[in-house]
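Residues per chain, in single letters:
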Amino acid sequence: MRLEITDTRTLTDDNPVMRNLEFRGGVVTVGSHSDSLVQIPDIKVAAHHATIERQGEAWIYRPKTRDESQTKLNDKPIGSETELKDGDVLVITYFEIRVHIDASTGEVEATQVGRLGELAMIKQYPVPPRTTVRKPEEKVSLSAPRQKAIAEFVSQLRSCRDLPSLMEMTLKVVEAELSARMVWMGIRPGTDGPLEFMDGRLDRATSMIEPPKLETYSFRCLNRHQHLCIPRTGDGVTQSVLAVPILTGNNAIGLLYVDSRRHERIYDDADLDFITLIAGLLRPPVQAMASSGDILIASNANDNDTNGIDVEASVGVDTRWSLVHQFREKMEPKKLPQWPTLQLAQHSIKGIERAGDILDVVRMPNGLVAVLCGHAKSEPARTAMAISQIQGAFRIAALHADPPRIQLRALNWLISDAEHPCSFDAAIAVINPKSGAFEISTAGRVGAFHVGKGGVSKSLVFADAPSVGNGEVVEYKGQTAKLEVGDSLVLFTAGAADTKNAEGEKLGAKRLISTISDGLGQSAAQALDDLVADLSGFLQVGQQAVDATIILAYRGG
């Protein structure tokens, strides 16, 4: 049985809280107590709320409390013992638990015959209770320190010229970050067959010892593409285990394994996010080195997998900047949050010669929304690190409800570095979705306009505000305004205004804003779609020299 658990309060967030737990038998305890195999972190839920027990091939739900209002099964209150069926949905307060039961006995239809071998293998290689089992396409989220660690990893990645040095560097980084007992990595030249290139570290020394239960992780990671976090193994040697595949398209070319010593570190979902992103960043160089022995990065123009980390030679992107693009793809929100009275939409294009755009949107604890749009300028490795620093600092500042001008002042101090200089042009806005009131501050060369009634636009840029990262003490200015119903706030990076068409004609900020103003009164998504269609000669993928990003906030009725 597999339980897919979702905190429904986070469904509109960039990274909703979701878990997948697998069970093969025994008593599955459900409740708010930390010892519960299915923990429901809600003070309204009893410490021992219910159990789910296997009887033969059936799974029986048994409530341990009398409060039927807290629990529903398929939208109906449940207060007595009930057999769970495949596809059932349990709801306990804010938590939705979707039930998946593998049919492994009894009559089997012809369409199910092909799965029998797979089901037998799953039973042969079980994982402990409370194991988090993720799918490859699920999103990851990193804290600010972890973002910095990833940026430093990206920087070191570029110095690796062969597979042994790449594996050695990766193992050391992961070992240090996760305080690991053992870190192990296996690579295979193709997309099937055994792992032929292997390296490991045990207690901070090189080791060729294979991980415990390697066959289990090989089956689940390489065959089923599962990302595993096992908080407690119970094997007497290890405390926790992380195991993830290194994927290329729909195939796995490698396995990354980490464990901790007994009674020491217990790995969690944040650790799984970190190692998942490491595995994603490894994919292009590992694939190139394992298959052809080329140095570091080789392109595959036919590989358009957007869930992995992809090189960008298919559109002529300078490979020095490809990892910056890839890192940004993993960090920025894939779907912007929406409100009944405030809609957000964005359009981003990768530059073929230079990268560095940053876009982020954060829901603030006080109900407001913080929006960041900007461009970091430095050499590739420093740019990648700056993206992580800026985005992490922005999210923390948003959670603290810092005004935009204070955020820019803090960022200016954070990324100023005489030895490794980097500048950041940005606009930060904090918006009240209900009233439309907003505060905004800008630094350097960036676009920010308020488009009001009749398509009248007003620039919100502080022309005298220097770029962030200048090494000086700067008190950035801020201003307040209000989006009335039908108004829009438009933010864009300099690359969006500087882009040229095939004839070499520059788009310019005035034409960009004028075209947006013509679509006044439409939803954010529709207005942006019309803009891209009207300016297709300028905003085509693969044409821009520098990253181009546009974000539009529209206040509806």
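Rules used in this analysis
Residues numbered from 1 in each chain as written. Predicted model: local features only at pLDDT ≥ 70, side-chain atom pairs only at ≥ 80, totals over all residues. Heavy atoms only, no water. Helix = DSSP H or I, 4+ residues; strand = E, 2+ residues; numbered from the N terminus. Buried < 20%, exposed > 50% of the residue type's maximum accessible area, 1.4 Å probe, protein only. Contact = heavy atoms within 4.5 Å. Areas by Shrake-Rupley, 256 points an atom, 1.4 Å probe, with all protein chains shown as cover. Pairing = 2+ DSSP bridges. Expected span 1.5 Å × (residues − 1). Arc of directions from axis to C-beta. Axes fitted to C-alpha atoms, helices over the stretch in contact; angles between N-to-C directions. Parallel < 35°, antiparallel > 145°, perpendicular 65-115°, else oblique. Nonpolar A, V, L, I, M, F, W, Y, C, P; charged D, E, K, R; others polar. pLDDT = per-residue confidence, 0-100. Salt bridge = Lys/Arg side-chain N within 4 Å of Asp/Glu carboxyl O. Lys, Arg positive; Asp, Glu negative; His and termini not counted. Polar contact = N/O pair within 3.5 Å; in protein donor to acceptor, adjacent residues only side chain to side chain. Core = buried A, V, L, I, M, F, W, Y, C linked by side-chain atoms within 4.5 Å. Phe/Tyr/Trp six-rings, centres within 6.5 Å; stacked < 30°, edge-to-face > 60°.

(A) Highlighting the overall build of the protein. When its secondary structure is counted, the protein shows 11 helices and 28 strands. Taking all 557 residues of the protein together, the buried fraction comes to 52%. The contacts of the protein with a sequence gap of at least 6 include a subset with a gap of at least 24, amounting to 63%. If you sum the accessible surface of the protein, you get close to 23800 Å²; carbon and sulfur atoms cover 50% of it.

(B) Region of the structure containing the sheet that holds strand β9 (residues 82–84). On the basis of which strands lie adjacent, the open sheet formed by five strands has the order β4-β3-β5-β6-β9 and mixed pairing. Two strands in the sheet have a free side with no partner beyond their single neighbour: β4 (38–39) and β9. With two bridges joining them, strand β3 (residues 27–31) and β4 adopt parallel strand pairing. The partner of V30 across the bridge, within β4, is V38.

(C) Just helix α8 (residues 404–415), in detail. Its 12 residues give α8 an end-to-end C-alpha distance of 17 Å, which sits within 8% of 16 Å, the value for a rise of 1.5 Å per residue. Restricting attention to buried positions, one finds in α8 the residues P404, Q407, L408, L411, N412 and I415. Seen from one end, α8 has its buried residues packed into an arc of 140 degrees, which puts them on one side. Against the buried residues of α8 lie α7 (380–399), β22 (423–431) and β23 (437–443).

(D) Geometry of the packing of helix α2 (residues 144–157) against α7. Between α2 and α7, the least distance of the axes is 8 Å, while the angle of their chain directions is 175 degrees. One element, α2, and the other, α7, form an angle in the roughly antiparallel class. Counted together, A144, Q147, K148, A151, E152, V154 and S155 of α2 and A381, A384, M385, S388, Q391, G392, R395 and I396 of α7 form the full contact between these two elements. Partitioned by chemical class, the residues of the contact of α2 with α7 number seven nonpolar, five polar and three charged.

(E) Local environment of the confidence of the model for the protein. Averaged over the protein, the pLDDT score is 83; the fraction of residues at 70 or greater is 87%. Confidence scores differ between elements of the protein, with helix α1 (residues 116–124) showing the lowest mean pLDDT of 58 and β23 the highest of 97. Here residues 103–116 scores under 50 on pLDDT; set against residues more than four positions off or in separate chains, the count is nine contacts. Predicted confidence is poor over residues 292–317, with pLDDT under 50, and the contacts of this stretch with residues over four places away or in other chains come to 56 contacts.

(F) Layout of the pattern of salt bridges. The full count for this structure, using the stated rule, is 23 salt bridges. Between K85 and E83 there is a salt bridge, with its nearest N and O atoms 3.2 Å apart. In this structure K85 comes out as partly exposed when scored by relative accessible area, which is 46%. Residue classification places E83 among the partly exposed residues on the basis of a relative accessible area of 36%. Taken together, the shared-partner salt bridges in this structure form one network comprising R146, E177, R265 and D271.

(G) Molecular detail of the sheet that holds strand β27 (residues 488–493). Spatially, the five strands line up as an open sheet ordered β19-β28-β27-β24-β25, and their pairing is antiparallel. Edge positions in the sheet fall to β19 (342–349) and β25 (457–459), since each of these pairs with one other strand and no more. Direction aside, the axes of adjacent strands within the sheet are offset by 15 degrees on average. Direction of pairing for strand β24 (residues 446–451) relative to β27: antiparallel, over a ladder of six bridges.

(H) Local environment of the side chain of R382. Structurally, R382 can be placed in helix α7. It is D417 that comes nearest to the buried, bridge-free R382 among opposite-charge side chains, at 4.8 Å. At 3.0 Å, the side chain of R382 and the backbone oxygen of I415 are in polar contact. In this structure, R382 is in contact with Q389, I415, D417, H420, P421 and C422, ignoring residues within four places of it in sequence.

(I) The environment of S179, seen in detail. Tracing the chain through its elements places S179 in the loop between α3 (163–178) and β13 (182–187). Looking at S179, the relative accessible area reads 40%, which means it is partly exposed. Here the alpha-carbon distance between S179 and E264, two residues 85 residues apart in the chain, equals 9.1 Å. Excluding residues within four positions of it along the chain, S179 makes contact with R265 and Y267.

(J) Geometry of the pairing of strand β20 (residues 357–363). Burial analysis of β20 places six of its seven residues in the buried class, which makes it a mostly covered element. Note: β20 against strand β21 (residues 369–377), seven bridges, orientation antiparallel. By the bridge assignment for β21, I358 is matched with G374. If you look at the hairpin formed by β20 and β21, you'll find five residues sitting between the two strands, and G367 has a positive phi there, around 95 degrees.

(K) Expanded view of the environment of K458. Mapped onto the elements, K458 comes out in strand β25. Judged by relative accessible area, which is 52%, K458 ranks as exposed.

(L) Looking closely at the side chain of D425. By the secondary structure assignment, D425 is in strand β22. Once residues within four sequence positions are removed from consideration, D425 is found in contact with C373, G374, H375, K377, A443, G444, R445 and S467.

(M) Molecular detail of the nonpolar core. Counting 66 residues, the largest nonpolar core has M185, V258, L282 and F424 as the members making the most contacts within it. With 10 residues, the single largest contributor to this core is helix α5 (residues 269–292). Non-local contacts of M185, meaning those with residues more than four positions away in its chain, are made with M167, T170, L171, F197, M198, D199, I246, L255, L256, L282 and V286. One finds V38, A50, L90 and V99 within the second-largest nonpolar core, a separate group that totals 24 residues.

(N) A look at helix α4 (residues 214–223). Across the 10 residues that make up α4, a large majority, eight, are buried. Positioned one or two residues after α4, H225 has a phi angle of 60 degrees, which is positive.

(O) Representation of the packing of aromatic side chains. Summed over all chains, the structure comprises two aromatic pairs. Measuring from ring centre to ring centre gives 5.4 Å for Y217 and Y257, while their planes differ by 45 degrees; the resulting arrangement is tilted. Of this pair, Y217 sits in helix α4 while Y257 sits in strand β18 (residues 251–261), and the two are 40 residues apart along the sequence. Since its relative accessible area comes to 1%, Y257 is described here as buried. Seen in terms of ring centroids, F449 and F492 are 6.2 Å apart; in terms of plane orientation they differ by 5 degrees. Their pairing is stacked. A residue pair is termed long-range when its members are at least 10 positions apart, and F449 in strand β24 and F492 in strand β27 qualify at 43 residues.

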